[in-house]
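Listed below are the residues making up each chain.
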Amino acid sequence: MTGELPAALAAEYAAIFAYGPIGVRLTGAEQDAARAAEAAHRSLRDALVLTLNGTGLPPAAPAYRLPEPVVDRAAALRVAIAVEEKAGAVWRAALTATVGAQRRQALDALTGCAVRATRWRRFAKVDPITVTFPGKIPS
Amino acid sequence: MLGFGAVLLAGAAGGCGLLDRGPDEPPPPDPLLPLADEAGRLAVSYRLAATDFPDRAATLTPIAEAHDAHAKELARIMATAAPSPAGSASAGAETGTVEDRIEALRVAEKAGYQAAIQACLAAPAHRAALVGSIAAARATHLEALK
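What you are looking at is a predicted structure, and each value in this text was computed from that prediction instead of being measured.

All names here are of chain A. Note the cis peptide between Asp127 and Pro128, where omega equals 0°. Within the fold, Pro128 resides in the segment after helix 4 (100–124). Its identity is not glycine, yet Lys125 carries a phi of approximately 60°, on the positive side.

Residue and element names in this part refer to chain A. The geometry of helix 1 (residues 4–24) relative to helix 3 (residues 73–95) is characterised by a closest axis approach of 9 Å and an angle of 170° between their N-to-C directions. By the criterion of interaxial angle, the relationship of helix 1 to helix 3 is roughly antiparallel. The residues of helix 3 that touch helix 1, namely those facing Glu4, Leu5, Ala7, Ala8, Ala11, Glu12, Ala15, Ala18 and Ile22, are Ala76, Val79, Ala80, Val83, Lys86, Ala87, Val90, Trp91, Ala93 and Ala94.

Here the focus is the nonpolar core. Formed by 77 residues in total, the largest nonpolar core has its most connected members in Ile22, Ala80 and Trp91 of chain A together with Cys120, Val131 and Ala135 of chain B. For this core, the secondary-structure elements that each account for two or more residues are helix 1, helix 2 (28–51), helix 3 and helix 4 of chain A together with helix 2 (33–52), helix 3 (57–78), helix 5 (98–122) and helix 6 (125–144) of chain B.

With that settled, consider helix 3 of chain B. For helix 3 of chain B, with 22 residues, the first-to-last C-alpha span of 31 Å sits near the 32 Å given by 1.5 Å per residue. Note on helix 3 of chain B: the residue one or two positions beyond its end, Ala79 of chain B, has a positive phi of about 60°.

Glancing now at the interface of chain B and chain A. In this complex, chain B contributes 21 residues to the contact, which on the side of chain A involves 22 residues. Going through the elements one at a time, helix 3, helix 5 and helix 6 of chain B are the ones with two or more residues in the side of chain B that touches chain A. At 13 residues, the largest contribution of residues to the side of chain B that touches chain A is made by helix 6 of chain B. Residues of the side of chain B that touches chain A, tallied by class, amount to 16 nonpolar, four polar and one charged.

Thresholds applied
Residues numbered from 1 in each chain as written. Chains lettered and ligands numbered in written order. Predicted model: local features only at pLDDT ≥ 70, side-chain atom pairs only at ≥ 80, totals over all residues. Helix = DSSP H or I, 4+ residues; strand = E, 2+ residues; numbered from the N terminus. Axes fitted to C-alpha atoms, helices over the stretch in contact; angles between N-to-C directions. Parallel < 35°, antiparallel > 145°, perpendicular 65-115°, else oblique. Contact = placed C-beta atoms within 7 Å. Core = buried A, V, L, I, M, F, W, Y, C linked by C-beta atoms within 7 Å. Buried ≥ 20, exposed ≤ 12 C-beta atoms within 10 Å, placed from the backbone. Expected span 1.5 Å × (residues − 1). Nonpolar A, V, L, I, M, F, W, Y, C, P; charged D, E, K, R; others polar.

These figures capture arrangement, not role.
So this is what it looks like as structure tokens:
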């Protein structure tokens, strides 16, 4: 294994951090979605900690840089989309460095990020709500 | 009408010198051929539904375009010719209410998602990212159909 899974762990720490400020700018179904997304990222983090146990885990940082200040609902939705796209890209990269159960873990994580990003685009009325190659960084 | 995979298989078998096999022993098909063929069929089905139900075109057309892009990218990494939408059309007559058609798309997409998962898990490292991305895309299509 190279650095892909530790990078995924760092991305999960960052996603968990981001959903704090995101959640407080949302209400109703959107806030519920933020809570569910944060819980999903916590589960991914916990699973990764188990996977990487004893291999030198990267520590969580006290804070992470967000793509933009989360000053209102619109910004919260944009940041949520960005968080899921960034985490998805890291998990996509992990597919090439894994086999078997670890690859399945990476694929499920990529898929989860992609589906959550789709839901956030729907809330934000971004058209289209899907992207062609989830996790692929535009060249 | 032949599907994309069948056309590719025929093309590959028609070539000579591939791995020095005899004329009666065609090379094994690329394991990603079924995924590419399926992407072509899904693209056609979504496009037909978008044409028949214009009020759903904003949702269905981007998904059709995504499946087309998936088929072309799969063809690229298999080093085969890109599929043509016409060559992928084996869906036959598609009729029914909009609800029926959306449900049929959902069933086909779900089957395609499961197939892409298995293809990703079996893929060599240099193909895993693309195939995994296609699997994830198919999951998002199911979300978009809700």
